[in-house]
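Analysis of the macromolecular model
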Amino acid sequence: MHYIPEGYKSKTKLRETEIAIKLIKDYFETNLAAKLNLTRVSAPLFVRPETGLNDNLNGVERPVSFSGIGTQSRICEIVQSLAKWKRMALKRYNFLVGEGLYTDMNAIRCDETLDNIHSIYVDQWDWEKVILEKDRTIETLKNTVNKIYEVFLETEKYVCSKFAAFEAKLPKEVTFITSQELMDLYPELSAKDREKAFVKEKEAIFIMQIGDKLSNGQRHDGRSPDYDDWNLNGDLILYHHLLDIAFEVSSMGIRVDAEAMNRQLTEADADNRRTLPYHQDILNNRLPFTIGGGIGQSRICMYFMDKVHIGEVQASVWEDDMLDYMAERDVEIL
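Here's what I pulled together on the structure shown here. (Residues numbered from 1 in each chain as written. Predicted model: local features only at pLDDT ≥ 70, side-chain atom pairs only at ≥ 80, totals over all residues. Heavy atoms only, no water.)

1. Observations regarding unusual backbone geometry
Defined as follows: Counting from the N terminus, the helices are DSSP H or I runs at least four residues long and the strands are E runs at least two residues long.
Positioned with a positive phi, Asn94 is a non-glycine residue whose angle comes to about 60°. With respect to the secondary-structure elements, Asn94 resides in the loop between helix 2 (83–92) and strand 5 (100–108).

Here it is, written out as structure tokens:
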């Protein structure tokens, strides 16, 4: 469902919006790379399904596929994210402990439910960094989140210095909470309503340990079992004032080791993946220990520019009735 708040007016016209998008993305990307010691690399738009590299997301989303490459009729899938590919790339490119990579990740998620913050086109910075086995800890996760949040704060300050119409909204620090602690705090609310209630109070939160069942037998949210360690992951969520929603801008985590993958594949009833090349590499300890995640490019542009629909900062495909709805309210879609 698409929704435009009463009285909403964009603070920028189309051309100024495009200029601001470029400034925000360039500044954020440069500072993220410096803060986390990342090198930009090229990444695939599609992969072969038999490699096991594509992200299965919640396990129900269909990857967009096509066949016929040159003289070989091989099936290829458009990536849904690069969570697994990045870890193999770190090994192939001989990255050392403390070094990492990032890439502009473009994906198609054809089963996405379209609304103000979801499109079938996904654009994010995917990043991954080599760590030591002893650093697979909550402390490492929190320290990395705080570094990324510093980039958010610096980018907000930069954007406000370039555009007088934009205002600073971020709190000075991010508040950490586990998914179980959040459920204990708001036991009567759904997972999404718990997120909204807490982020509305704190403005910027990081919900940790997503994937396993909570004490009520439910999961806070779905997670693929074969890249994040469900005990060492989480989502960075900001409060979007105009939409009055919990606004996820990043999902990240310390990646599975052999023990975590074994446990999570069984828990997710996904044992059939064990024989795939990527999964064999993890189970046989052939890949480095890593931490990584994705940061939504269109999402951060929406946030910093006070936009209420992702179509205002991203060119995609929309339903005719949505375009009519936006036109009636003088909201310009890219």
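Further notes follow.
2. A closer look at the packing of aromatic side chains
The condition that has to hold: Stacked, tilted and edge-to-face pairs are distinguished by plane angle, under 30 degrees for stacked and over 60 for edge-to-face with tilted covering the rest, among Phe, Tyr and Trp rings (Trp via its six-membered ring) whose centres lie within 6.5 Å. Three labels apply to residues, based on accessible area from a 1.4 Å probe with only protein chains included: buried if under 20% of the type maximum, exposed if over 50%, partly exposed otherwise in between. Ring-over charges, as used throughout, are those where CZ of Arg or NZ of Lys falls within 6 Å of the ring centre and within 35 degrees of the ring normal.
A complete count under the given rule lists eight aromatic pairs for this structure. Considering the side-chain rings of Phe152 and Phe304, the 6.2 Å spacing of their centres and the 45° angle between planes classify their relative orientation as tilted. Here Phe152 is found in helix 3 (residues 138–162), whereas its partner Phe304 is found in helix 8 (residues 297–304), with 152 residues between them in sequence. Neither Phe152 nor Phe304 differs from the other in exposure class; each is buried. Three or more aromatic residues joined by ring pairs form one cluster here, namely Phe28, Trp125, Phe152, Tyr303 and Phe304. Over the aromatic face of Phe247 sits the side chain of Arg299, whose NZ or CZ is 5.5 Å from the ring centroid.

3. Considering the side chain of Asp229
Condition: The criterion used for residue contact is that any of the two residues' heavy atoms lie within 4.5 Å.
Mapped onto the elements of the fold, Asp229 is located in strand 9 (residues 228–240). Residues within four places of Asp229 in sequence aside, it is in contact with Arg136, Ile254, Arg255, Val256, Ala260, Arg263 and Gln264.

4. Considerations on helix 1 (residues 14–36)
To keep things clear, this is the line we draw: Between the first and last residue of a helix there are one fewer steps than residues, each counted as 1.5 Å, and that sum is the expected span.
In this model helix 1 runs 33 Å from its N-terminal to its C-terminal C-alpha over 23 residues, within 8% of the 33 Å that 1.5 Å per residue would give. Along helix 1, the residues classified as buried are Thr17, Ala20, Ile21, Ile24, Lys25, Phe28, Glu29, Asn31, Leu32, Ala33 and Leu36. Buried residues belonging to helix 1 abut strand 1 (38–40), strand 5, strand 6 (121–130), helix 3, strand 11 (290–296) and helix 8. Residue Asn37 follows helix 1 closely and has a positive phi angle near 60°.

5. Some words on the packing of helix 1 against helix 8
Between two packed helices, what matters for the description is the angle formed by their axes and the separation of those axes. Our working rule: Note on geometry: axes are C-alpha line fits, over the in-contact stretch for helices, and angles between N-to-C directions span 0 to 180 degrees. Put simply, a crossing is left-handed when the front helix is turned counterclockwise from the back one by less than a right angle, and right-handed when it is turned clockwise.
In contact at an axis separation of 10 Å, helix 1 and helix 8 are set at 115° when each is read in the N-to-C sense. For the crossing formed where helix 1 meets helix 8, the hand is right-handed. Residues Ile21, Ile24, Lys25 and Phe28 of helix 1 pack against Gln297, Ile300, Cys301 and Phe304 of helix 8.

6. Quick look at the pairing of strand 5
Note the cut-off: In this description, strands pair whenever DSSP reports at least two bridges between them.
Bridge analysis of strand 1 against strand 5 gives three bridges, and the strand direction is parallel. By the bridge assignment for strand 5, Leu38 is matched with Gly100. With nine bridges joining them, strand 5 and strand 6 adopt antiparallel strand pairing. Residue Tyr102 lies in a different strand from strand 6, and its bridge partner there is Trp127.

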